[in-house]
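# Report on the structure
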Amino acid sequence: MPIETALERSGVETVTGTPDEVREKLAHLSAGQVVALTIQPSNNALAHAILDAVAGLAALVPNVIEQRHNARFQSIIEALVPDVPQPRDKLLQARMTAEARKGVLETGEWMTAAELAEIAGLCARSAQPNKWRKDGLIFAVRHRGVNYFPGYAFGPSTDYRPAKGLARVLKVFSGKKDDWGIAYWLASVNSFLGGKRPQDLLISKPDSVVAAAEDEVAHVLCR
């Protein structure tokens, strides 16, 4: 929208000149309010530059005010309209997921990157845990904005480095289970492993755990 048209909508007019010139121009205006800017010493170029700037701002003010009114109006409507209730099946699914995650977190030793770095003898701020994850040697579940690594994948026999069997398990499940899905599987009793949990055999019997993972994927593909 041209500045002249916007200025007409805003009800703002601008005048410039010497005090006498401005006084004469104001005498012919029906303005209710006047805002004056004085420039010392007289500088025509500066005066016209300020005039253009004020004219530009005045042209924008009505639109800004209208946008704020519309935004406030919408916020009032949203505050008055009740929240859309979640479908019952979604609520049930969310509850089951929350309980499953709670169970997983309670059945294993989960550590932050800093805690993992500490037991591994690394600097507390070491990026190594995240590098292990990036390289596919370990995984982490995210809970309340924090990544937690499975402590059962580390031990004295692995020199507190990721159990080598875990990388193989992650490769088997790549593209088939997300981090939480892998955590669920590792924490669940497994008939292929004689009713034992994969996470309990990850270090002592890695080949068996990998075979159980392959069996899991094969059964899923056959369903």
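That block above? That's the structure.
Throughout what follows, the structure given in this document is the object of discussion. Not measured: the values here are computed from a predicted model.

### Considering the packing of aromatic side chains
Summed over all chains, the structure comprises 5 aromatic pairs. Ring geometry for phenylalanine 173 and tryptophan 185: centres 5.0 Å apart, planes at 70 degrees, overall edge-to-face. Linking phenylalanine 173 in helix H7 (residues 164-173) with tryptophan 185 in helix H8 (residues 179-187), this pair joins segments that are 12 residues apart in sequence. A centroid spacing of 6.0 Å and a plane angle of 35 degrees characterise the contact between tryptophan 180 and tyrosine 184, whose relative ring orientation is tilted. Here tryptophan 180 and its partner tyrosine 184 are both found in helix H8, 4 residues apart, which amounts to about one turn of the helix. A residue is classified by how much of its surface remains accessible, and tryptophan 180, at 7% relative accessible area, is buried. When the ring centre of phenylalanine 173 is taken as origin, the NZ or CZ atom of lysine 177, which lies over that ring, is 5.4 Å away.

### Observations regarding the packing of H7 against H8
For any two helices packed against each other, the geometry comes down to the angle between their axes and how far apart the axes lie. At their nearest, the axes of H7 and H8 sit 11 Å apart, and the two run at 120 degrees to each other. Considering the angle they form, H7 stands oblique to H8. With respect to the hand of their crossing, H7 and H8 are arranged in right-handed fashion. Seen from H7, the contacting residues are Leu166, Val169, Leu170 and Phe173; seen from H8, they are Ile182, Trp185 and Leu186. Residue composition of the contact of H7 with H8, by class: 7 nonpolar, no polar and no charged.

### Some words on the pairing of strand E3 (residues 146-150)
One ladder, built from 2 bridges, connects strand E1 (residues 110-111) with E3; its direction is antiparallel. What sits directly across from tryptophan 110, in E3, is proline 150. Note that strand E2 (residues 141-143) and E3 share 3 bridges and pair antiparallel. Opposite histidine 143, over in E3, you have valine 146 as the bridge partner. The antiparallel hairpin formed by E2 and E3 contains 2 residues in its connecting segment, where arginine 144 sits at a positive phi of about 55 degrees.

What counts and what doesn't
- Residues numbered from 1 in each chain as written.
- Predicted model: local features only at pLDDT ≥ 70, side-chain atom pairs only at ≥ 80, totals over all residues.
- Heavy atoms only, no water.
- Phe/Tyr/Trp six-rings, centres within 6.5 Å; stacked < 30°, edge-to-face > 60°.
- Helix = DSSP H or I, 4+ residues; strand = E, 2+ residues; numbered from the N terminus.
- Buried < 20%, exposed > 50% of the residue type's maximum accessible area, 1.4 Å probe, protein only.
- Lys NZ or Arg CZ within 6 Å of the ring centre and 35° of its normal.
- Axes fitted to C-alpha atoms, helices over the stretch in contact; angles between N-to-C directions.
- Parallel < 35°, antiparallel > 145°, perpendicular 65-115°, else oblique.
- Left-handed = near helix turned anticlockwise from the far one by under 90°.
- Contact = heavy atoms within 4.5 Å.
- Nonpolar A, V, L, I, M, F, W, Y, C, P; charged D, E, K, R; others polar.
- Pairing = 2+ DSSP bridges.

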